Structures are given as structure tokens and as C-alpha cells.
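# Close look at the chain arrangement
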Amino acid sequence: MTDTTTNDLHDPATDEWRTYDEFAAGIDTYRLPNTDLTGTSLVLTLDDGSTLSLAFEADAVVWSASAALGVGATEGRDPYDAVAARDDVVFVNLPLTSVEREAITVVYSTASHRALVAHSVIGEEEVEGTPRVRQTFHAAVTDGGDPTGEVPAPSRDLIGKRNVYRYSPHHLYEHVYVSSQRYAWQCLEGVQRGHGDMDLSTVWKFADGLYLFCFREFRIAVASVWLHDLGYDLRTTGIFLGLNGAGESEHSRAGGHIYPLGSVSYPDAQPV
């Protein structure tokens, strides 16, 4: 008997390109559990001297930021989402409701007092050849102790690596990291099955085996922030910000398992 499951019915030659909310549905099934930060606070000093302060309540975070960070407001009270990626490393996302079409994502270590801050913004208008969602990145330090270890910085460590990512029983994707500015992806299972592209990407090394990976798509208005743990438990935790099929801004959580397939080394000229 022929298997006619939903995934097998997709013909990449005829299927329309899927909207962000279609492919993101359920992509957090295998995500690590949330962690509760109620009653804690954090002050970050970014590499340009600006600051970001976070005070966590039961279901929200009260924040304030220097104007230099570029957020559409300098303070607010918004929901937050936090995951303990390692015993001493926390991934925190602020899907801003007080500021439309923006998100602030923070990765910080309670041991080294190092941090990374990513700011994602959906542009007001489409610009041909440019992703609609733009992102900025900063290394930072946290209060409460002296920073130790390497300063988080852009990294070329992933160039040439090829991994498969399983986010749910119905989400399976392959990534090939082509350069410090581009990565290629294809959907192996899910509503985007048979689809793929090469998009803009950014990689920062946070700690040994721990990388911030972000992409900005050309074909649809969506960007992501992921924390890949390639040295501990091969898990990834992430978020999306983009425009859904109705043209409205939407925030989504994501996460899952990493399965390394291998890597290549370029023999002559290195990619940018």
C-alpha cells in the first residue's frame, strides 16, 4: 500500500513557498524546558558602553536599555522566555510587545559573567536583495562578578560543517555552513520538504563548543537566533521573529537535537 502522508505529498516543483507561521508551527517540540528567573535581575554592559538592565518577575521582565542599543524604546515590561542551555549558561528572549516588530535575545553565563546580546528588527519596507529582518550583535559583561575567559566574538569555526537538526517528529532540516556570511539549508521533513535556499548568517563563539547562530532569510521576512551546543549535549535552543501569512509580526520558540554529519576543509582560497 502506498504511503500518502502529508510530508510525501509535497512536490517542490509545484508547492508554493511556505509562510513563516506554517513552517514554525510545532518547531519547539524538542526544545529544552523553560527555566524560571523570577526574582532575579541582571545588568549588562555592552561592548559599545551601552547598558541593558533586566528585572524578572513571575511572568514578565522589566527592562531598560541605552538608546545606543537601537531598540524602539528605552524601557518596557514584556514577556520573556528563558532556557538553561548549560548549568551556567542561560538563553533569554524578550519577544517585545511594548515595541512592535522587535526582539532582544541575551545569552549569559553566571560563571564567566560573559554575555551576548542580539537585537532583531523587522524593517518597515521591503528592499530588494536585502533581508527584511535585520540584526545587530554585541558582546557584553554582566554585573555581580569579574568576567573571565574569552570575549564572545564572530567565529569561522562552523565553516565547512554539515549538520542535521531535528526539532519535532515533523521538522528535520540540514544546514551546511558555507562561509562567515552564508549558510545553505534544505528541509528533509516537514511542510517545507524539498525546499531550500542560501541565506545570510552570523556565527559568534560564546564558549567552548557553544555558538550563537543567526540567519536572515531573503524570500520571506523572518530571522532567527539560535544557541548551538556542539560540545556538550548536541542541543540547540532558538527563536524566530518574522511576518506571518497575514503580514503581522510574530514571535516563535524553537529547539531540538543536533546530528553532525561531518565537515570539509577548503584546500586553497578560504571562503570569506
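Residues numbered from 1 in each chain as written. Predicted model: local features only at pLDDT ≥ 70, side-chain atom pairs only at ≥ 80, totals over all residues. Heavy atoms only, no water.

Right, let's get into the pattern of salt bridges. Considering all chains together, one arrives at eleven salt bridges under this definition. Here Asp28 ties to Arg253 by a salt bridge, and the two come within 3.4 Å at their closest N and O atoms. Note that Asp28 is positioned in the loop between helix H1 (20-24) and strand E1 (41-46) and Arg253 in strand E18 (residues 249-263), a separation of 225 residues in sequence. Overall, Asp28 belongs to the partly exposed group, its relative accessible area being 28%. (Salt bridge = Lys/Arg side-chain N within 4 Å of Asp/Glu carboxyl O. Helix = DSSP H or I, 4+ residues; strand = E, 2+ residues; numbered from the N terminus. Buried < 20%, exposed > 50% of the residue type's maximum accessible area, 1.4 Å probe, protein only.)

As a further point, take the side chain of Arg114. Assignment of secondary structure puts Arg114 in strand E8 (residues 114-122). An unpaired buried charge is present at Arg114: no salt bridge exists, and Glu150, the closest side chain of opposite charge, is 9.0 Å distant. A polar contact is formed between the side chain of Arg114 and the backbone oxygen of Thr148, at a distance of 3.2 Å. A polar atom in the side chain of Arg114 sits 3.1 Å from the backbone oxygen of Gly149. (Lys, Arg positive; Asp, Glu negative; His and termini not counted. Polar contact = N/O pair within 3.5 Å; in protein donor to acceptor, adjacent residues only side chain to side chain.)

With 94% of its residues at a pLDDT of 70 or more, the protein chain has an overall mean of 93. In this model, residues 1-14 is a region of pLDDT below 50 whose contacts with residues beyond four sequence positions or in other chains number 15 contacts. (pLDDT = per-residue confidence, 0-100. Contact = heavy atoms within 4.5 Å.)

What follows deals with the nonpolar core. Counting 25 residues, the largest nonpolar core has Leu44, Leu52, Leu54, Val92, Leu94 and Val117 as the members making the most contacts within it. Listed by contribution, the elements that provide at least two residues to this core are E1, strand E2 (51-56), strand E3 (61-65), strand E6 (89-95), strand E7 (102-109) and E8. With near-sequence residues (within four places) excluded, Leu94 lies in contact with Leu54, Val61, Trp63, Pro79, Tyr80, Glu102, Ala103 and Ile104. Counting 22 residues, the second-largest nonpolar core is a separate cluster that includes Tyr167, Tyr177, Tyr211 and Phe215. (Core = buried A, V, L, I, M, F, W, Y, C linked by side-chain atoms within 4.5 Å.)

Taken as a whole, this structure holds 17 aromatic pairs when the rule is applied. A ring pair is formed by Phe137 and Trp204, whose centres lie 6.4 Å apart and whose planes are at 35 degrees; its orientation type is tilted. Of the two residues, Phe137 sits in strand E9 (residues 133-142) while Trp204 sits in strand E14 (residues 196-207), which places them 67 residues apart along the sequence. Overall, the relative accessible area of 15% leaves Phe137 in the buried class. (Phe/Tyr/Trp six-rings, centres within 6.5 Å; stacked < 30°, edge-to-face > 60°.)

Here we take up a negative patch on the surface. A contiguous patch of negative charge on the surface is contributed by Glu100, Glu124, Glu125 and Glu248. Position of Glu248 relative to the elements: it lies in the loop between strand E17 (235-243) and E18. Overall, the relative accessible area of 48% leaves Glu248 in the partly exposed class. (Patch = residues over 30% accessible without salt bridge, like charges linked within 9 Å, V, L, I, M, F, W, Y side chains within 5 Å. Areas by Shrake-Rupley, 256 points an atom, 1.4 Å probe, with all protein chains shown as cover. Charge placed at Lys NZ, Arg CZ, Asp CG, Glu CD.)

Time to look at the pairing of E2. Covered by surrounding structure in E2 are Leu52, Leu54 and Phe56 only, the residues Thr51, Ser53 and Ala55 on the alternate face being uncovered. Note: E1 against E2, five bridges, orientation antiparallel. Across the sheet, residue Ser41 finds its bridge partner in E2, namely Ala55. Adjacent in sequence and paired antiparallel, E1 and E2 are bridged by four residues, among which Gly49 carries a positive phi angle near 90 degrees. In terms of strand pairing, E2 meets E3 through five bridges, oriented antiparallel. Note that in E3 the partner of Ala55 across the bridge is Val62. Here E2 hands over to E3 after four residues, the two strands then running antiparallel side by side. (Pairing = 2+ DSSP bridges.)

Take Ala269: it is sitting in the segment after E18. We classify Ala269 as exposed; its relative accessible area is 66%. For the pair Ala269 and Leu96, spaced 173 residues apart in the sequence, the C-alpha separation amounts to 42 Å.

The subject of this paragraph is the pairing of E7. Where a strand is regular, its side chains alternate between the two sheet faces. With eight of its eight residues buried, E7 lies for the most part within the structure. In E7, alternate side chains face the same way, and those of Glu102, Ile104, Val106 and Tyr108 on one face and Ala103, Thr105, Val107 and Ser109 on the other are all buried. The turn linking E6 back onto E7 is made up of six residues, and Arg101 within it adopts a positive phi angle of 70 degrees. One ladder, built from seven bridges, connects E7 with E8; its direction is antiparallel. Note that in E8 the partner of Glu102 across the bridge is Val121. Here E7 folds back onto E8, and the loop between the two strands holds four residues, one of which, His113, carries a positive phi near 60 degrees.

What follows covers unusual backbone geometry. Backbone geometry places Arg101, a non-glycine residue, at a positive phi of 70 degrees. Assignment of secondary structure puts Arg101 in the loop between E6 and E7. If you check the backbone angles, Leu234 has positive phi at about 50 degrees while not being a glycine. Along the polypeptide, Leu234 turns up in the loop between strand E16 (222-229) and E17. The exposure class of Leu234 is partly exposed, given its relative accessible area of 29%.

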